[in-house]
Amino acid sequence: MRAIQHLLRNTLLLFLTLTASLAFAEPDIDKPAPAFRGKTADGKSIDLASLKGKTVVLEWTNHECPFVRKHYESGNIPQIQKQATKDGIVWLQVISSAPGKEGFVDGATAAKLNSERGSAPTATILDSDGSIGKLYGAKTSPHLFIIDASGLLVYKGGIDSIPSADKDDIAKAENYVKSALNELSAGKKISKASTKAYGCAVKYAS
Amino acid sequence: MTKPRAIKGRGAANPHARSLLNGAKELLWTSILLVSSESAQALPDTASTDQVQARLIASIDAVYPGAKLQLGVNQRIIPNWHTYWKNPGDSGLPTTIQWRLPGGATAGEIAWPVPSRITSGPITNYAYSNEVTLLTSVTVPNTATPGSFFPIEATVKWLVCEQSCIPQTVELGLNLPIVSDGQTVGTGNPLIAKAQASLPVDTPWPITVRDNHNTTALQFGGPDLSSSKIAEISFFPDTWGRINHGAPQTWRPTENGIELTLQPGEAPVTAKQALTGVLTIMEDTDEGPIRHAFEVAAAPVSAHPAEKVDGEVLNLPSAIGLALLGGLILNLMPCVFPVLSLKALHLLRQAGQSKSAARLQGLAYALGVLVSFAILGGILVIMKSTRSALGWGFQFQSPVFVLLAANLMFVMGLSLSGIIKLGGSYTGIGNDLATRGGMIGSFFTGVLASVVAAPCTAPFMAAAVTYALAQPPIPLLSVLLALGSGLALPFLALSFCPAMQRRLPKPGVWMDTLKQALAFPMYATAAWLTWVLAEQTGSTYLPLLLGGMLALAFAAWLMQITRTSSLAYRRIATTLAALTISTPIAGVFLVADNAGFGSGQAQSIEKAANWEPFDPDRLKSLREKGQPVFLNLTADWCISCLVNERVALHVDSVQDAFRKSGLVYLKGDWTSHDPLITEKLADFGRSGVPLYVHYPAGKNSAPIVLPQILTPQTVLSAIGAE
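Report follows, based on the coordinates. All of these numbers come straight from a predicted model, not from anything done at the bench.

## Some points on the overall build of chain B
So, step 1. Assigned secondary structure in chain B consists of 20 helices and 25 strands.
So, step 2. Contacts spanning at least 24 positions in sequence make up 76% of the contacts within chain B whose residues lie at least 6 apart.
So, step 3. Total accessible area on chain B is roughly 31600 Å²; 62% of this is exposed by carbon and sulfur atoms.

## Brief notes about the sheet that holds strand 12 (residues 201–202) of chain B
Residue and element names in this part refer to chain B.
So, step 1. Spatial strand order, 12-19-18-15: four strands in an open sheet with mixed pairing. Each edge of the open sheet is held by one strand with a lone partner, namely strand 12 and strand 15 (230–237).
So, step 2. Two elements, strand 18 (residues 275–283) and strand 19 (residues 290–298), share nine bridges in a ladder whose sense is antiparallel. Paired with E283 across the strands is I290, a residue of strand 19.

## A word on the state of the cysteines
Residues and elements named next belong to chain B.
So, step 1. For the structure on display, the rule yields two disulfides over all chains.
So, step 2. Sulfur-sulfur distance for the disulfide between C161 and C165 comes to 2.2 Å. The sign of the S-S torsion, about 115°, decides the handedness of the disulfide formed by C161 and C165: right-handed. Accessibility classification places C161 together with C165 in one group, the buried group.

## A word on the interface of chain B and chain A
So, step 1. Across the boundary between the two partners, chain B contributes 33 residues, which contact 34 residues of chain A.
So, step 2. At the boundary of chain B with chain A, the tally comes to five residue pairs in polar contact (both at pLDDT 80 or more).
So, step 3. Mapped onto the side of chain B that touches chain A, the elements with two or more residues apiece are strand 10 (149–161), strand 11 (165–177), strand 16 (250–254) and helix 11 (473–496) of chain B.
So, step 4. For the side of chain B that touches chain A, the element with the highest residue contribution is strand 16 of chain B, accounting for four residues.
So, step 5. Partitioning the side of chain B that touches chain A into residue classes produces 17 nonpolar, 11 polar and five charged.

## Remarks on the nonpolar core
Residues and elements named next belong to chain B.
So, step 1. By size, the foremost hydrophobic cluster in this structure holds 97 residues, and its most contacted members are F630, F658, V689 and V715.
So, step 2. Setting aside residues no more than four positions away along its own chain, F658 makes contact with F630, L649, L663, Y665, V715 and I719.
So, step 3. Counting 65 residues, the second largest nonpolar core, distinct from the first, contains Y126, V138, A154 and V156.

## Concerning the packing of aromatic side chains
The relative placement of two aromatic rings is captured by the distance of their centres and the angle of their planes.
So, step 1. Under the defined criterion, the tally for this structure stands at 17 aromatic pairs over all chains.
So, step 2. Both rings, one in F36 of chain A and one in Y136 of chain A, keep their centres 5.8 Å apart while their planes meet at 80°; by these two values the pair is edge-to-face. Within this pair, whereas F36 of chain A is found in the loop between helix 1 (2–23) and strand 1 (37–40), its partner Y136 of chain A is found in helix 5 (residues 131–136), the two being separated by 100 residues in sequence.
So, step 3. We classify F36 of chain A as buried; its relative accessible area is 6%.
So, step 4. Judged by centre distance (6.0 Å) and plane angle (55°), the ring pair of F410 of chain B and Y523 of chain B falls under tilted.

## Considering the side chain of N175 of chain A
All names here are of chain A.
So, step 1. Tracing the sequence through the fold places N175 in the loop between helix 6 (169–172) and helix 7 (176–185).
So, step 2. Judged by its relative accessible area of 12%, N175 is buried.
So, step 3. A distance of 3.0 Å separates the side chain of N175 from the backbone nitrogen of K178, its partner in a polar contact.
So, step 4. Residue contacts for N175: discarding those within four places in its chain leaves N76, I80, I159 and D160.

## A closer look at the side chain of K203 of chain A
So, step 1. Tracing the chain through its elements places K203 of chain A in the segment after strand 9 (200–201).
So, step 2. Although buried, K203 of chain A forms no salt bridge, and the nearest oppositely charged side chain, E102 of chain A, lies 4.3 Å from it.
So, step 3. When near neighbours in sequence (up to four residues on either side) are disregarded, K203 of chain A contacts N62, S96, S97, A98, K101 and E102 of chain A together with E162, Q163, S164 and C165 of chain B.

## A few points about a nonpolar patch on the surface
All names here are of chain B.
So, step 1. Together, L367, V371, I375 and I379 give the surface a local cluster of nonpolar side chains, amounting to about 320 Å² of exposed area.
So, step 2. Along the chain, I375 falls in helix 7 (residues 355–385).
So, step 3. For I375, a relative accessible area of 51% puts it in the exposed group.

Cut-offs and rules
All chains use their own residue numbering, which begins from 1 and follows the written sequence. Chains and ligands are labelled by the order in which they are written, letters from A for the one and numbers from 1 for the other. Local features in this predicted model are restricted to residues of pLDDT 70 or higher, and side-chain atom pairs are both shown and tallied only at a pLDDT of 80 or more, whereas totals for entire chains, interfaces and linings draw on every residue. Heavy atoms throughout the structure, all of them, feed into the side-chain values; hydrogens and water do not. Under the DSSP-based scheme used, a helix requires at least four consecutive residues in state H or I and a strand at least two consecutive residues in state E, with every element numbered from the N terminus. We call two residues in contact when some of their heavy atoms are within 4.5 Å. Each accessible area value is a Shrake-Rupley result obtained with a 1.4 Å probe; residue values ignore everything except the protein chains displayed when judging cover. Following DSSP output, two strands are said to pair if at least two bridges run between them. Criterion for a disulfide: a pair of cysteine sulfur atoms at a distance within 2.5 Å. Only protein chains enter the accessibility calculation, which uses a 1.4 Å probe; a residue is then buried when its area is under 20% of its type maximum, exposed when over 50%, and partly exposed in between. Distance and chemistry together define a polar contact, namely a pair of N or O atoms within 3.5 Å, with one atom able to donate a hydrogen and the other to accept it when in protein, and with adjacent residues in sequence counting only for side-chain atoms on both sides. Side-chain classes follow a simple rule in which Ala, Val, Leu, Ile, Met, Phe, Trp, Tyr, Cys and Pro form the nonpolar group, Asp, Glu, Lys and Arg form the charged group, and the remainder, Gly included, forms the polar group. Put simply, a nonpolar core is a bunch of buried Ala, Val, Leu, Ile, Met, Phe, Trp, Tyr and Cys residues held in one set by side-chain atoms that sit within 4.5 Å of each other. The aromatic pairing rule takes the rings of Phe, Tyr and Trp, using the six-membered ring of Trp, and pairs them if the centres are within 6.5 Å, calling planes under 30 degrees apart stacked, those over 60 edge-to-face and the rest tilted. When charges are counted, Lys and Arg contribute as positive and Asp and Glu as negative, whereas His and the chain ends are disregarded. By salt bridge we mean one thing: a side-chain nitrogen of Lys or Arg within 4 Å of a carboxyl oxygen of Asp or Glu. In this scheme, patches are assembled from residues that exceed 30% relative accessible area and form no salt bridge. Like charges are connected within 9 Å, while nonpolar side chains (Val, Leu, Ile, Met, Phe, Trp, Tyr) are connected within 5 Å.

Function cannot be inferred from these measures alone, as they are strictly geometric.
Shown next, in the form of structure tokens:
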């Protein structure tokens, strides 16, 4: 009986692993970035496929998370956003917080928050059902992904190298996203393409 | 709380002051403390936030010069919130402690109690709920002055999360009196001992990590780890990215313990980046579940492509398929072929019989094979449950089995030579009886085929059997029965298919000649098994074995010459024959008691000029020195091993190449049971010999597994001499 139970359990686990990995497949570096269509804060719709030819940055965010606040209140992320959009890069904020959970906002609030913080992304995607977040395996806020002009995922990970909520650490840290964007524009291979993301857990519906 | 709590705590914990002296000391401390308390300590030992109450505690109430003590930061966390382990998992931050200690004092790293896995949707964290004590060991300098104080200050930062996350920082302090060495130091806070008990310990058994890109497998355990008592097994990596934090972890019992399969993360293990972390095993006991936690630090055994074919990647259907194919091919192997030919001859002889009689014979043969394989499977299951390490052909590790098999081969030979007549099928007493006798004969021919098949390994079989041996009873039996089916299939097909029977050459005198000729492979097998026995046990068993053969031959001759004599003579002859045979049989039972697995195996390994006996420690030290090693795991009863040695390993060109490249040739003999060799085989996903591994020069070089059939060229090119 134990053997049968064991067999059944292993089969079940295998099945769960497969379904879990389908539901939450994490995209690989240098593979095509998963395609998505999202709703933006200004009520429009945005399609990744239509952005082909441009470098796209996806930034998971949650304005109430202390780690996000560290990088916004210090001006760190807004400054990188401004530089990036100036260089023709598409910077998309993604909010995957579910309704009723921390960081969930409507379009108007998202826009207001950005203007208050001096933030200037190309657009803010409202992903309250978490579908885009799960497609990319976004786990923390902030969590950043860079897609190159040919549609390949070239970076995934944290904003910088010191996981803390302390603003004083920003200057000491290596900014992975800045370095990656610099390397990309210089036509080089990204040296640290997959790094540890740190921050608050993304507040998915389940 | 400026008044040192330590004294109070000590008083409470130790209410009966043991002696006047102790009482006097306390009085002394108290007075010292009263004098200095106003100036010395500014920081309280507790601090609270809305979510966490933190407290700085120590393992002793007073320190002395050179003392080693444990400091603890105890966190009491409100329900549903948690703080993080050293690897927080997918999000979160580990707690940090920044110590400020008097000059000369040193603090170690945080010793982290075992965390829990907290999962929310796709995010998995390793964290602490309710309460945790983070320990740090501190050494007091020898220059500390008794009579003064040892002030400790700590800045503790943590992230506490539920739905939201809040980074928090507190400052804690403790001011311990310094006494001189030998004086009572108090029992400290009991939470320290509690926290120490929750720390992972060193594993009692070796842990190996195997990484083959899609999975990372932890193999561990020993005879004391019974899978029936295990409720749950979990691994917590202490470094980000080594495994996918949230992926299911599956475990299964294997030949040598347990294998836990993990999904690699974004920074998977490599030879340089070992897998470190904590392994927890939840054990079911009568008093409820108990969690054991072990420290893990293991670099992966690099997986050579050759290994993958052999074990881990198989699933049940493909193992059954391979076993079936292996069984089919087994018919062509030198061990089985004579037996099968014999059976085919028998069928030919009875070619005139009805179709149904032939079919019944085929079925009886197949049944004989399947029953034998089921029995073998049953033995394997039982021995696995007692955690004996086994492999294919394990029965040949028992001298008694070898002895009996040698005698059986000898009798078979005698029968084929026509000296004795086995079975009643040729006597022509009547068709009915002949058919029945033939069926019993067929059944036992099936048994015989299975017995002689054991020391042979056909292509595809090794992988299937290796897979099967690591499985629970039902898959194990399925694979073995598939192997048996493969073995039985050709004869079964022949007996069911008159067209195939017609293709066989017509019966004639040639059959008798062939039958007599087939006696010689049987004698050869008997001679070989005699040698195996001598290698296993020295000369102890030889008189018994050879005496048994003599008795068998004598009994056969007696029966033969009295075949046509009167009943009285035949009775005398039968009695005499029975007596003659029973003497060596009694001898076997007498020695069987003290001749379990592997007695006297030491003799079989002597140090020869060109090789050294395998010893894991020797291998390890050679590897650490970066020396190249060639490992040969073999057994005297393994035919392909012997052939490989003769044609490929112990030839001058290869031996010269070994010497020239400074390679150390290690040879492990599995003729008798040897758990160290069984373990080494398992390291490479094998359950039986032969195994040839070349470890190239260099400490971390990846071992190269050679094929099971060798030529000098294979060996030379593997060691890079060509």
